[in-house]
Amino acid sequence: MGQAVMKDATAGATVVALPGAKTDAKHGVVPLPAATRKPLSQRLLPALRAVLVNVLPPLLTVLLIALFWQIAASGPQSSLPPPTKIWEEAKDLIVEPFYWAGTQDIGLGWRILVSLERVAIGFSLAAIVGVLLGALVGQSIWAMRGLDPVFQVLRTVPPLAWLPLSLAAFRDSQPSAIFVIFITAIWPVIINTAVGIRNIPQDYRNVAQVLRLNHVEFFFKIMVPSAAPYIFTGLRIGVGLSWLAIVAAEMLTGGVGIGFFIWDAWNSSRLSDIIVALIYIGVVGFFLDRLVAFVGTIVTRGTLTN
Amino acid sequence: MSYLKIDHVDKTFQRGATSTNVLKDISLDIVKGEYVSVIGHSGCGKSTLLNIIAGLTPITAGAVLLEGKEVRDPGPERAVVFQNHSLLPWLTVYDNVALAVNKVFGGRKTKAERHDWIMHNLDLVQMAHARDKRPAEISGGMKQRVGIARGLSMEPKVLLLDEPFGALDALTRAHLQDSIMQIHATLGNTMIMITHDVDEAVLLSDRIVMMTNGPSARIGEVLDVRLERPRKRLDLVSDRTYIAAREAVLKFLYERHRFVEAA
């Protein structure tokens, strides 16, 4: 019975062929047209467009600034070198960041790496101690009353003002520079962590209480993830400040860092070298900031939305 | 001896020089396996009462005894299903339940047993399919299901439900009420539920505790709901006992203890 009906239906139905598709009329099957891939040019075009939209404006701005600079610094009375002169004088620094021709004649890449190493040590210490102290201040009302005023005063002390003290205490330039980084970066980490912890919803605390989480479990399972967006705001500000401080600290402590390079260049009147170094510092600082922000977005994924 | 005994509990909140008496002389005996609802107008302190049983709010006077032992602190034997689910947004559904299971059974069950227990509880609330989703990716009703699974997974002596379905739409709420009834029938848990929904209270409860308006809220009446279990929502609509119980609660709430402040 059922079969008969089916036959009828097949006989009566008109088979519509899709354009471009071969129709197997005997079985009444219409094969779907094979998925055609768009030509490469069509797929690449939007991507290319997006890149251009983002890259072209800053590129144009830089070119305009360089042009203006070139005109302004070209006169015979000019005290600063124009871009063309910088290219002539400091070409080796720009083209070869990693050359090595003696202990003080090295590429800027190496110098940046040395400075970055100091920042990495000082900033990591600041991040660990800052989060712990911030947790204490955020969690305990008495710790906040006792410590917060002290922090508020100390955080306004400029980084370099710490340097003489730390030189006296450590009697060595390397730990002193690291200490300056540490003391500069720690305040925003402490303050933001404390705010993040004070903002942990009571609900999460209730869950922790019902589960009888101990202090360590509460710290790692509730506090840190819940306050992570705040912590990363503090870390991002902190890494920016560290990079500001390292250059100044290295100018005074010497060694092979990028800061000392600038000071050294100034003493031997190599203005072109200084300008190249400034650009290096700016670009690296930018990438440091983006790096911390990037890690932050990965770690805090899901924390912000509820 | 009663399973859970609330013995002359008073609660006064102190803020500076002013003190507000929220609960006055609350006494209640709850039998093992009983489903008790606490109903009252908003602000009558019913959530405070639940928090006191949970141990989250300290008592001013009186005591709460579970199996004859006084409880003062929160603990997993009095698991709470919170009004706003309170799932941790950075953990998946599975990990939210796992947090509770690993803490409560960490020393007593092996890793495999704990995994099975987590999945068993997710199955109970029909949420096993969403084990790898984060709370932000599931609906409000599903979040509350996970909240219930987390509560049940602690194998509590008493499960405390704080307006568990309050934030849900009517259809989702009905689904969850059915789930809770089924779970209660299967596991025989002792449950205390705070609600402001009369139908919900009558449908689910063995007893309904009606609170007077605050401040100094007391237990006004306790109503026994003598309805056969398993209860079926549709059959009850025309059931005499159901209608009478519903009427009694409504009369209490809207005749004798009308909420004056609500305009």
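Residues numbered from 1 in each chain as written. Chains lettered and ligands numbered in written order. Predicted model: local features only at pLDDT ≥ 70, side-chain atom pairs only at ≥ 80, totals over all residues. Heavy atoms only, no water.

**A word on the overall build of chain B**
Next, step 1: Of the regular secondary structure elements, chain B holds eight helices and ten strands.
Next, step 2: Here the C-alpha atoms of chain B give a radius of gyration of 19 Å, agreeing with the 18 Å that 2.2 N^0.38 yields for 263 residues.
Next, step 3: Based on the C-alpha atoms only, the size of chain B along its principal axes is roughly 55 × 50 × 40 Å.
Next, step 4: Total accessible area on chain B is roughly 12,100 Å²; 50% of this is exposed by carbon and sulfur atoms.
Next, step 5: In chain B, 34 side chains carry a positive charge and 32 a negative one; their mean positions are 3 Å apart. (Helix = DSSP H or I, 4+ residues; strand = E, 2+ residues; numbered from the N terminus. Rg over C-alpha atoms; globule rule 2.2 N^0.38 Å. Areas by Shrake-Rupley, 256 points an atom, 1.4 Å probe, with all protein chains shown as cover. Lys, Arg positive; Asp, Glu negative; His and termini not counted. Charge placed at Lys NZ, Arg CZ, Asp CG, Glu CD.)

**Quick word on the pairing of strand β4 (residues 61–66) of chain B**
On a regular strand, one side chain projects to one face of the sheet and the next to the other, so that they alternate.
Next, step 1: Here strand β1 (residues 4–15) of chain B pairs with β4 of chain B via five bridges, running antiparallel. The partner of Ile 6 of chain B across the bridge, within β4 of chain B, is Val 64 of chain B. (Pairing = 2+ DSSP bridges.)

**Quick notes on the sheet that holds strand β5 (residues 69–70) of chain B**
Residue and element names in this part refer to chain B.
Next, step 1: Strand order in the open sheet made by the four strands is β2-β1-β4-β5, with antiparallel pairing throughout. Where the open sheet ends on each side, the last strands, each with one partner, are β2 (18–30) and β5.
Next, step 2: Sheet strands touched by helix α1 (residues 46–54): β1, β2 and β4. Its angle to β1, the strand with the most contacts, is close to 115°. (Contact = heavy atoms within 4.5 Å. Axes fitted to C-alpha atoms, helices over the stretch in contact; angles between N-to-C directions.)

**Looking at the side chain of Glu 34 of chain B**
Residues and elements named next belong to chain B.
Next, step 1: Counting through the fold element by element, Glu 34 comes out in the loop between β2 and β3 (35–39).
Next, step 2: Look at Glu 34 and you get buried, because its relative accessible area is 10%.
Next, step 3: Every residue in contact with Glu 34, bar those within four places of it in the chain, is listed here: Asp 29, His 184, Asn 189, Thr 190, Met 191, Asp 206 and Arg 207. (Buried < 20%, exposed > 50% of the residue type's maximum accessible area, 1.4 Å probe, protein only.)

**Describing the confidence of the model for chain B**
Next, step 1: Per-residue confidence for chain B gives a mean pLDDT of 90, with 98% of residues at or over 70.
Next, step 2: For this predicted complex, the interface confidence reaches an ipTM of 0.89, while the overall pTM sits at 0.78. (pLDDT = per-residue confidence, 0-100.)

**A short note on the environment of Leu 136 of chain A**
Residue and element names in this part refer to chain A.
Next, step 1: Mapped onto the secondary structure, Leu 136 falls in helix α5 (residues 108–139).
Next, step 2: The exposure class of Leu 136 is partly exposed, given its relative accessible area of 42%.
Next, step 3: Residues Leu 136 and Ser 78, spaced 58 residues apart in sequence, show a C-alpha to C-alpha distance of 56 Å.
Next, step 4: Discounting residues that sit within four places of it in the chain, Leu 136 has contacts with Ala 143 and Leu 147.

**Focus on a nonpolar patch on the surface**
Residue and element names in this part refer to chain A.
Next, step 1: On the surface, Leu 45, Leu 48, Val 51, Leu 52, Val 55, Leu 56 and Leu 59 cluster together into a nonpolar patch covering about 640 Å² of accessible area.
Next, step 2: Along the polypeptide, Leu 59 turns up in helix α2 (residues 40–72).
Next, step 3: Look at Leu 59 and you get partly exposed, because its relative accessible area is 49%. (Patch = residues over 30% accessible without salt bridge, like charges linked within 9 Å, V, L, I, M, F, W, Y side chains within 5 Å. Salt bridge = Lys/Arg side-chain N within 4 Å of Asp/Glu carboxyl O.)

**Observations regarding the interface of chain A and chain B**
Next, step 1: Taken residue by residue, the interface counts 20 residues in chain A and 26 residues in chain B.
Next, step 2: Taken over both partners, the interface formed by chain A and chain B buries close to 1,900 Å², and the fraction arising from carbon and sulfur atoms is 66%.
Next, step 3: Seen at the junction of chain A and chain B, the total is one salt bridge.
Next, step 4: Two residues, Glu 217 of chain A and Lys 103 of chain B, come together in a salt bridge whose shortest N-O distance is 2.9 Å.
Next, step 5: Counting across the chain A and chain B interface gives five residue pairs in polar contact (both at pLDDT 80 or more).
Next, step 6: Among the elements that take part in the side of chain A that touches chain B, helix α9 (residues 202–210) of chain A stands out by supplying six residues, more than any other.
Next, step 7: Partitioning the side of chain A that touches chain B into residue classes produces seven nonpolar, eight polar and five charged. (Buried area = accessible area lost by both parts, 1.4 Å probe. Polar contact = N/O pair within 3.5 Å; in protein donor to acceptor, adjacent residues only side chain to side chain. Nonpolar A, V, L, I, M, F, W, Y, C, P; charged D, E, K, R; others polar.)

**Comments concerning the packing of α9 of chain A against helix α10 (residues 215–253) of chain A**
Residue and element names in this part refer to chain A.
Next, step 1: Where α9 contacts α10, the axes come no closer than 11 Å and their chain directions differ by 170°. In terms of their interaxial angle, α9 and α10 are classed as roughly antiparallel. Residue-level contacts link Tyr 204, Arg 205 and Ala 208 of α9 to Phe 218, Ile 222 and Ser 226 of α10.
Next, step 2: The residue makeup of the contact of α9 with α10, split by class, is four nonpolar, one polar and one charged. (Parallel < 35°, antiparallel > 145°, perpendicular 65-115°, else oblique.)

**Some points on the packing of helix α2 (residues 93–105) of chain B against helix α4 (residues 140–153) of chain B**
Residue and element names in this part refer to chain B.
Next, step 1: The interhelical angle for the contact between α2 and α4, taken along N-to-C directions, is 15°, at an axis separation of 9 Å. Our classification of the angle between α2 and α4 gives roughly parallel. For the crossing formed where α2 meets α4, the hand is right-handed. Between α2, through Val 93, Asn 96, Val 97, Ala 100, Val 101 and Phe 105, and α4, the contact on the second element is made entirely by Val 146, Ala 149, Arg 150 and Ser 153. (Left-handed = near helix turned anticlockwise from the far one by under 90°.)

**Let's talk about the pattern of salt bridges**
Next, step 1: Enumeration according to the criterion identifies 20 salt bridges over all chains in this entry.
Next, step 2: Residue Lys 24 of chain B pairs with Asp 10 of chain B through a salt bridge whose shortest N-O separation is 3.9 Å. Residue Lys 24 of chain B is found in strand β2, and its partner Asp 10 of chain B is found in strand β1; the two are separated by 14 residues along the sequence.
Next, step 3: For Asp 10 of chain B, a relative accessible area of 17% translates into the label buried.
Next, step 4: With its nearest N and O atoms 2.8 Å apart, the salt bridge here joins Arg 78 of chain B to Glu 77 of chain B. Of the two residues, Arg 78 of chain B and Glu 77 of chain B, both sit in the buried class.
Next, step 5: Connected via shared salt-bridge partners are Asp 264, Arg 270 and Asp 273 of chain A.

**A few points about the layout of surface pockets**
Residues and elements named next belong to chain A.
Next, step 1: Of the volumes computed, that of the largest pocket is approximately 390 Å³.
Next, step 2: Lining the largest pocket are 16 residues; nearest its centre among them are Gln 139, Asn 214, His 215, Phe 218 and Met 223.
Next, step 3: For the lining of the largest pocket, the secondary structure elements donating two or more residues are α5, α9 and α10.
Next, step 4: Looking at the lining of the largest pocket, its residues break down into nine nonpolar, four polar and three charged.
Next, step 5: Lining the second largest pocket are Val 62, Ile 65, Ala 66, Trp 69, Pro 83, Ile 86, Trp 87, Ile 94, Ile 275, Val 276, Ile 279 and Tyr 280.
Next, step 6: Going through the elements one at a time, α2, α3 (83–89) and α12 (271–299) are the ones with two or more residues in the lining of the second largest pocket.
Next, step 7: For the lining of the second largest pocket, the class distribution of residues is twelve nonpolar, no polar and no charged. (1 Å grid on protein atoms, 1.4 Å probe; cavity = no way out; pocket = protein on both sides within 12 Å on 5 of 7 lines; lining within 4 Å. Points joined across faces, edges and corners; volume = space filled by probe spheres on them.)

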